[in-house]
Amino acid sequence: MRYASLFTGIGGFDLAADRAGMRCELQVEKDKHCLNLLTHHWPDVRKETDVKEVETLPAVDLVCGGF
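Because the structure is predicted, anything quoted here is derived from the model rather than measured.

**Side note on the nonpolar core**
As a rule of thumb, soluble globular proteins bury nonpolar side chains together. Within the largest apolar cluster, nine residues are counted, these being Y3, A17, M22, C24, L35, L38, W42, V45 and C64. Not counting chain neighbours up to four residues away, the residues in contact with W42 comprise Y3, I10, G11, D14, L15, D18, Q27 and K47. Among the nonpolar cores identified, the runner-up in size contains five residues, and L6, L26, V28 and V54 belong to it.

Right under this line is the structure:
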C-alpha cells in the first residue's frame, strides 16, 4: 500500500506506516526543521511545504494527517 502524509511533522505516522509495510509517496510539512529530518529519513519521497498548493496527489491508498 502507498500513502500520502499531510502535516507530517517529524514523521511519526510515516514511521508507523513504513513499519507496517507501506510506502510513502508524498510528505507535506512547512516547518524547516521537520523538513530537514524528513529529508534525512525519507530522501526519495516527494516533499511539499504548503498543503494549499498541492495540485495533484500521487495515486495512494491512504492519506494521513498529523494536525
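Text resumes after the structure shown.
**With respect to the sheet that holds strand 3 (residues 46-48)**
Taken in spatial order, the four strands line up as 3-2-1-4 in an open sheet, and their pairing is parallel. The sheet is open, and its two borders are formed by strand 3 and strand 4 (62-65), each paired with just one other strand. The average angle at which neighbouring strand axes cross in this sheet is 20°, direction not considered. Pairing analysis gives five bridges linking strand 1 (residues 2-6) to strand 2 (residues 23-28), with the strands arranged parallel. Its bridge partner being in strand 2, S5 is matched across the sheet by Q27.

About the criteria used
- Sequence order sets the numbering: in each chain, residues are counted from 1 along the sequence as written.
- Given that this is a predicted model, residues contribute local features only at a pLDDT of at least 70 and side-chain atom pairs are listed and counted only at 80 or more, while totals for whole chains, interfaces and linings are drawn from all residues.
- Calculated side-chain values reflect all of the structure's heavy atoms, with hydrogen atoms and water omitted.
- To form a nonpolar core, buried Ala, Val, Leu, Ile, Met, Phe, Trp, Tyr and Cys residues must be joined to one another through side-chain atoms within 4.5 Å.
- Throughout this description, buried means an accessible area under 20% of the type-specific maximum (1.4 Å probe, protein chains only), exposed means over 50%, and partly exposed covers the range between.
- We call two residues in contact when some of their heavy atoms are within 4.5 Å.
- When DSSP locates at least two bridges between a pair of strands, those strands are taken to pair.
- For helices the rule is a DSSP run of H or I covering at least 4 residues; for strands it is a run of E covering at least 2, with both sets numbered from the N terminus onward.
- Simply put, an axis is a line fit to the C-alpha atoms, just over the touching stretch for a helix, and the angle between two N-to-C directions goes from 0 to 180 degrees.

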